[in-house]
Amino acid sequence: MAQMRQFDRVLALLVVGLCFWTLLLPMPALSNANAPAALLQSSLATLNQQAEQRQIAVTAAAVLDGERGDFEQRGVQLAQRSPDQQAQARQALADDVNLLAQASLAAEQERQALQAYDAALMGQTRDLGALAEELRSATWPIVEQLKLYPPPLGTRGDWLAPNSAYFQTRAITISTGTLDQATQAAIEVGRASYSQRQLRELDQTYRQLLDQYAQTLQQTSASQITQRPWWRWALATSLALGLAGLLWWVLRHVLVADWLLLVAGLAFATWFGFPWPLAALGLLALVSLIMLRPSLAACLPLLAIPLYYRARLVGSLSFPLNETLFGISCAGLGLHFVWRWFQGQRPQLTLLKARWYWPVVALGLGLVLAAGLSLSSSGLVERATALRELRRTIVEPTIWALLVLGLLATNRVKPQSILWSYIVMAAWIAGDGLVRFALGEGVWATTGVPRLIGLLPSSTALGVYLGAGLAGSLALALSAESMQQRQAAWLLSLPLSFGVLLTFTRGAWLGVIGAVALVLLLQRRWRLLLGAGGVAAIGLVGFGLIQPSLLARVLRLGEGTGSARQEIWASAWRAVQDQPLFGFGLDQFAHLEPSSYGIPQIRFLTLAHPHNVLLDVWLQLGLLGLLVVLAMLGWQIWRWLHSRVALRYVALAMLADLVIHGMLDQTMLGGDMIYLWWSLLLISVWRPAATEES
C-alpha cells in the first residue's frame, strides 16, 4: 500500500508537469510539415546565390547586344559567305547560342529558387494559424504575377519560353547541320531570345513581390507576440488542472503501480523534448527498457503518431519521431534476443506452423511489392521523395508489424495495451489542444470558423487522429467488461469529444458517428441508438438557433472545402486513368503538373493527397496496392464480424472511423496513421488460443 501511494504521488507530479508544459513552453517546431525559420533562411540564401550566378551569365551574354545579337540576320547571311567563311561564321554563331543556353540555364535555376522561397514563405504563413487569414489578400499580387508566366508555371498560352535545352539543340544544329538547317535554327534562336528578356522582367517583379510579402509576414509575426488577458490564463490553467486529474486517475488504474512503464514514459519524453546530450540518455534508457520488456516496442510508435510532424533532430538530420522509435525498438528487441540466446532460451521454429499470422505476412509483402513496382512508373516525378516514403510509410511499418506479430504470438504483449496506448495518447493530445485553444494558439481560422489544430499541422490531420481515438474510447466505454475500464474510457472521451468537435472536421464527425452507430447496431442496443440520435439532432437544432450563421458556415456542402474536394477527386481520377497500373509513386500527388489534370491550386495549402483513401492508395501504389488494401479491409471486417473477442467492438469502431473519414481525407498512407492500420490488422488476426510462448 505504501508503494502504491508513492507511485501515485510520483505519477501525479509527472502528469501535472506534463499538462503545465502546454502553458509555459511554446509548441515545438513543425520540421516536416510547414516551414520553420531555418528553412526560410536557407531558401533565401539559395535564391541570392542563384541570382548571382544568373547575373554572371547575363553579363557574359551582354556581348550579344547590338548586331551580334541579331541571330536572324546572321543566319540569313550564312548563304552569302564562301565555304571557309561559312564554317567560321557557323562556329561563332553556335558559340553565341551557347551563351544564351548558359544564361537560360541560370535563369531556370533562379526561377526554381524563387518558387522554393515562395513555398517557404507560404509554409511560415501557415504556422501563424488564425493570423494567416489576414495575409491572404497580401498574396494576391503574387498570384496575379504568376499568371503572366507561360505554362507550366503560369497560364499564358500565347507564347512559350524556351529552356536551355532548346538553345543547346539549336547550337548543335547550327554547328553540324546543313546550311538550310543552320539558317532555320538561327532564325528560331533570334525569335526565342526575345522571350528570355520577357522572362527576366517577370522574374525581377516576382522577386520584388516576394520580398515585399516577406516584410509583411515579418511584421505580422511580430504582432503575434501579445500579452494574453487574465481570463485566458485562468481558463487554460483550469483546463490543465482538470486534464492532469483526469489523466492521473486513468493512468493509475491502467499502469497499476508499474514503475518500469513510468520510467519508459520519462525516457520517451526525454528523447523527444530535450536537446543533445540529454536526449541520448532517453535513447539509451528506451533501448534498455525494450530489452527488459519487449512489449514497449509495440506501443511506442503508436504514442509517437501525433508527433510525426514534430521531428527529432539527430545532428544535422531530421527524422519523424516514430521512425527513430522504430530504430530504437529494433535495437532493443535485438538485444533482448541476444540476451535470451545466451541464456539458452532459443526460439523454436514451431511459430512457422501457426497459420493465423500468415495473412499479415502476405499483405505486408504485397504492399512492399506494390511500392517497389510504383518506382518503375513512367509518371514518377520525384524519385527521392518516393524512396523516402518507401522507407517511412511501407518498409519500416511493415517490419514493425512483423515484429509485433511475433510479440503477440509469444504472448509478450496484449492487444489491450496496444489500443490503450493509442487512446490515452490521443486524449492527452486533445487536452493539450484545448489548453492551447484557451490560450489563443494552436488554431487555424478558415471561412470565419476558428479550428483547433493543436500539435498537428492542420485541423484535418488532428480530426483524423482524434476521431479514431474517440471512436475507440466510446466503443470501449460501451463494451468493456471491467467497470474501471468503462469509467476510464468515459473520462478519456471527454477531452476527445471536445477536441473532435473544435476541429470542425466534418469527416471526423461522420466517422465517429458512423463508428458508434455500428457498435450499437452490432450490440443490438436499439434504445441507446435512438436516444443518441435524438440527442444529436436536438443539439444540432439548438446550436442552429443560437448561432445560425456559424452553423451555416460549418455545415456548408456546396462551397468551400466541399466543392474543392469534388474538384480534387475529379483531378485524381483523371490522374488514375493516366497511370492505372503502377500509379505515380509514393507521395507524388503534390508534384504532379496541376494544369495536366485540373488539380485546384490554393495558395496557403499544398494538395499532397486526393482526400480519399482509395484514390490515394491507387495513385501511390497502383492497382496492386489498391487490391492489397481492399483485402486488408475485407479480412479485418470478416474476422471481427465472426469473432467473440471482447476487443472486437473497439477495433471495429476504430476501423470504421478510419474508413468513413478516409472517404474525405487521407487516413492511411503518410507515415503516421499507417501504424494504427497495422495494429488493427494484427489484433484482428490474433487468436488467444494460439498465444503460447515458443
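Just above sits the structure.
Residues numbered from 1 in each chain as written. Predicted model: local features only at pLDDT ≥ 70, side-chain atom pairs only at ≥ 80, totals over all residues. Heavy atoms only, no water.

J.: Any details on the overall build of the chain? Residues and values, ideally.
T.: Secondary structure assignment for the chain yields 25 helices and four strands. Taken across its 694 residues, the chain has 50% of its residues classed as buried. Restricting to contacts in the chain with at least 6 residues of sequence separation, those with at least 24 account for 80%. If you sum the accessible surface of the chain, you get close to 32,000 Å²; carbon and sulfur atoms cover 63% of it. (Helix = DSSP H or I, 4+ residues; strand = E, 2+ residues; numbered from the N terminus. Buried < 20%, exposed > 50% of the residue type's maximum accessible area, 1.4 Å probe, protein only. Contact = heavy atoms within 4.5 Å. Areas by Shrake-Rupley, 256 points an atom, 1.4 Å probe, with all protein chains shown as cover.)

J.: Can you lay out the packing of aromatic side chains for me, pointing to particular residues and giving the numbers?
T.: Applying the stated criterion to the full structure yields eight aromatic pairs. For the pair Tyr-149 and Tyr-206, a centre-to-centre distance of 6.2 Å together with 65 degrees between the ring planes defines the contact as edge-to-face. Residue Tyr-149 is found in the loop between α5 (140–147) and α6 (164–176), and its partner Tyr-206 is found in helix α7 (residues 179–223); the two are separated by 57 residues along the sequence. Judged by its relative accessible area of 1%, Tyr-149 is buried. You can call Tyr-206 buried: its relative accessible area is 1%. Pairing Trp-573 with Trp-618 gives two aromatic rings, centres 5.9 Å apart and planes at 70 degrees, and the pair type is edge-to-face. Of the two residues, Trp-573 sits in helix α21 (residues 561–578) while Trp-618 sits in helix α23 (residues 613–641), which places them 45 residues apart along the sequence. Here the guanidinium or amino end of Arg-170 rests over the ring plane of Tyr-166, the centre of that ring lying 3.8 Å away. (Phe/Tyr/Trp six-rings, centres within 6.5 Å; stacked < 30°, edge-to-face > 60°. Lys NZ or Arg CZ within 6 Å of the ring centre and 35° of its normal.)

J.: Got a sec to walk through a nonpolar patch on the surface? Specific residues and values, please.
T.: Among the surface-exposed residues, Leu-581, Leu-614, Leu-623, Leu-627, Leu-630 and Met-663 lie close enough to one another that they form a single nonpolar patch of about 480 Å² accessible area. With respect to the element layout, Leu-581 can be found in the loop between α21 and α22 (594–597). (Patch = residues over 30% accessible without salt bridge, like charges linked within 9 Å, V, L, I, M, F, W, Y side chains within 5 Å. Salt bridge = Lys/Arg side-chain N within 4 Å of Asp/Glu carboxyl O.)

J.: For the side chain of Ser-571, give the residues involved together with the corresponding values.
T.: Of note, Ser-571 is situated in helix α21. Looking at Ser-571, the relative accessible area reads 0%, which means it is buried. Polar side-chain contacts of Ser-571 include one of 2.7 Å to the backbone oxygen of Ile-568. In this structure, Ser-571 is in contact with Phe-589, Tyr-597, Gly-598, Ile-599 and Pro-600, ignoring residues within four places of it in sequence. (Polar contact = N/O pair within 3.5 Å; in protein donor to acceptor, adjacent residues only side chain to side chain.)

J.: Could you give me a rundown of the packing of helix α16 (residues 459–479) against helix α24 (residues 648–662), with the residues and numbers involved?
T.: Between α16 and α24, the shortest axis-to-axis distance is 8 Å and the interhelical angle comes to 150 degrees. Here α24 runs roughly antiparallel to α16, going by the angle between their axes. Seen from above, α16 lies across α24 with right-handed handedness. Contact residues: α16 offers Thr-460, Gly-463, Val-464, Gly-467, Ala-468, Ala-471, Gly-472, Ala-475, Leu-476 and Ser-479, while α24 offers Tyr-649, Val-650, Ala-653, Met-654, Asp-657, Leu-658 and His-661. (Axes fitted to C-alpha atoms, helices over the stretch in contact; angles between N-to-C directions. Parallel < 35°, antiparallel > 145°, perpendicular 65-115°, else oblique. Left-handed = near helix turned anticlockwise from the far one by under 90°.)

J.: Explain the pattern of salt bridges to me, using residue names and the numbers behind them.
T.: Within this structure, the stated rule accounts for nine salt bridges. When the shortest N-O distance is used, the salt bridge between Arg-207 and Asp-211 registers 3.1 Å. One end of the pair is Arg-207 and the other is Asp-211, both in helix α7 and four residues apart, which spans about a single turn. The partner of Arg-392 in a salt bridge is Glu-323, and the shortest N-O contact between them spans 3.5 Å. You can see Arg-392 sitting in helix α14 (residues 383–409) and its partner Glu-323 sitting in helix α12 (residues 321–342), a full 69 residues away along the chain. You can call Arg-392 buried: its relative accessible area is 10%. According to the relative accessible area criterion, Glu-323 is buried, its value standing at 8%. Overlapping salt bridges bring together Glu-323, Arg-391, Arg-392 and Glu-396 as one network.

J.: Break down the side chain of Ser-473 for me, with residues and values.
T.: Summarising the element assignment, Ser-473 is placed in helix α16. Polar side-chain contacts of Ser-473 include one of 3.0 Å to the backbone oxygen of Leu-470. For Ser-473, the residues in contact, after removing those within four places along its chain, are Ile-423, Ala-489, Ser-493 and Leu-496.

J.: Can you explain the environment of Met-663? Please cite residues and give values.
T.: Structurally, Met-663 can be placed in the loop between α24 and α25 (674–685). By relative accessible area, which is 32% here, Met-663 ends up partly exposed. Sequence spacing of Met-663 and His-611 is 52 residues, and the spatial spacing of their C-alpha atoms is 7.1 Å. Excluding residues within four positions of it along the chain, Met-663 makes contact with Trp-569, His-611, Asn-612, Val-613 and Leu-614.

J.: Let's hear about helix α10 (residues 278–292): which residues, and what values?
T.: The end-to-end C-alpha distance of α10, which contains 15 residues, comes to 22 Å, matching closely the 21 Å that a straight helix rising 1.5 Å per residue would cover. In this fold, the buried residues of α10 make contact with α9 (259–273), α11 (296–303), β1 (312–314) and α12. (Expected span 1.5 Å × (residues − 1).)

J.: Which residues make up unusual backbone geometry, and what are the values?
T.: One non-glycine residue, Phe-504, lies in positive phi territory at about 50 degrees. With respect to the helices, strands and loops of the structure, Phe-504 is situated in the loop between α17 (483–503) and α18 (506–523). Positive phi values are uncommon outside glycine, yet Arg-524 reaches one of about 60 degrees. With respect to the secondary-structure elements, Arg-524 resides in the loop between α18 and α19 (526–546).

J.: Residues and numbers for the environment of Ile-453, please.
T.: Looking at the element boundaries, Ile-453 is found in the loop between β4 (449–452) and α16. Look at Ile-453 and you get buried, because its relative accessible area is 11%. As for Ile-453 and Ala-430, which are separated by 23 residues in sequence, their C-alpha atoms are 9.5 Å apart.

J.: Tell me about the packing of α9 against α10, and please be specific about residues and values.
T.: At their nearest, the axes of α9 and α10 sit 7 Å apart, and the two run at 145 degrees to each other. Crossing of α9 against α10: the hand is left-handed. Within the contact between the two elements, α9 uses Leu-260, Val-263, Ala-264, Ala-267, Phe-268, Thr-270 and Trp-271 and α10 uses Leu-278, Ala-279, Gly-282, Leu-283, Ala-285, Leu-286 and Leu-289.

J.: Give me the lowdown on the environment of Leu-262, citing residues and values where you can.
T.: Along the chain, the position of Leu-262 falls in helix α9. Taking the relative accessible area as the measure of exposure, Leu-262 reaches 9% and is therefore buried. For the pair Leu-262 and Leu-14, spaced 248 residues apart in sequence, the C-alpha separation works out to 9.3 Å.

J.: Can you break down α24 residue by residue, with the values?
T.: Its 15 residues place the ends of α24 20 Å apart at the C-alpha level, agreeing with the 21 Å of an ideal helix rising 1.5 Å per residue. Within α24, 13 of the 15 residues are buried, which leaves the element mostly enclosed by the surrounding structure.

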